[in-house]
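Residues per chain are reported as follows:
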Amino acid sequence: MWYEGAKTKEISFPLGGIGTGCIGLGGNGGLVDFEIKNRPNKNTTAEFTHFAVKVENEEHVIDCRVLQGDLNKNYIGCTERPLYTGYGFGPDRGTMAGFPHFEKVDFYGEYPIAEVNFFHEKFPGAIKMTAFSPLIPTNEDDSSIPAAFFEIEIENTTSSKLKYTVALSCNNFYSQTKTAHLYEKQDL
């Protein structure tokens, strides 16, 4: 089934092998709900983890933007966040909200494959992202590979010769320091 506009708001399409954790593909094409450390972790964005796309001709860059649509939730912030990122402070900066992105996104999901189409009147091209997880019925070994796969197709919709570049920026989840010490009571 195809979803667009407000109907994409609550989508978090699960990606990852059986029993290996999960990353959600949001209805706007962003990556959300990183549950890869043996614990529930809903409403996370894995700060600054995103795909980006750039288009250029032989002379200069024509356009570049984050490969996702509008942020669909938490405009005023989350209640679970510490220090100036919670309720009333707006969306977390790690969501890439505020960066150039695509104005229209269509989402199609039928487990284990999701397809997201991105459109913007200023972007000279049509982009389709296909995301999937390994799933082979009755083969639990190959279906439990801890991986998510992404295929990005770009069609040049102009008559000019253009060069497209897609990049993934991924946060390192295992090198982050804990901030719990900021909230511990200290005896004086």
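You'll find the structure just up there.
By convention here, each chain's residues receive numbers from 1 onward along its written sequence. Selection of residues for local features in this predicted model requires a pLDDT of at least 70, selection of side-chain atom pairs for listing and counting requires 80 or more, and totals for whole chains, interfaces and linings are taken over all residues. To obtain the side-chain values, all non-hydrogen atoms of the structure were used and water was disregarded.

Draft legend 1. Highlighting the packing of aromatic side chains. Whether two aromatic rings pair depends on their centres lying within 6.5 Å, for rings of Phe, Tyr and Trp, where Trp uses its six-membered ring; planes under 30 degrees apart make the pair stacked, over 60 edge-to-face, and the rest tilted. Evaluated as defined, the whole model comprises eight aromatic pairs. Here the aromatic rings of Phe123 and Tyr164 are separated by 6.2 Å at their centres, their planes lie at 50 degrees, and the arrangement is tilted. Within this pair, whereas Phe123 is found in the loop between β8 (113–119) and β9 (126–132), its partner Tyr164 is found in strand β11 (residues 163–169), the two being separated by 41 residues in sequence. The exposure class assigned to Phe123 is buried, which follows from its relative accessible area of 4%. Measuring from centroid to centroid gives 5.3 Å for Phe132 and Phe149, while their planes differ by 15 degrees, and the two rings are stacked. Highlighted residues: Phe132 in strand β9 and Phe149 in strand β10 (residues 149–155), separated in sequence by 17 residues. Each member of the aromatic cluster is reached from another via a ring pair, and the members are Phe102, Phe118, Phe123 and Tyr164. It is Arg65 that lies over the ring of Phe102; its NZ or CZ is 5.8 Å from the centre. Helix and strand assignments come from DSSP, with helices taken as H or I runs of at least 4 residues and strands as E runs of at least 2, each series counted from the N terminus. Relative accessibility decides the category of a residue: with a 1.4 Å probe and only protein chains considered, values under 20% of the type maximum give buried, values over 50% give exposed, and everything between is partly exposed. Geometrically, a lysine NZ or arginine CZ counts as sitting over a ring once it is within 6 Å of the ring centre and also within 35 degrees of the ring normal.

Draft legend 2. How the structure looks around the pairing of strand β3 (residues 22–26). A large share of β3 lies buried, amounting to four of its five residues. Paired strands, in this sense, are two strands between which DSSP finds at least two bridges. Where strand β2 (residues 12–15) meets β3, four bridges bridge the pair, whose relative direction is antiparallel. What sits directly across from Ser12, in β3, is Gly26. In terms of strand pairing, β3 meets strand β4 (residues 31–35) through three bridges, oriented antiparallel.

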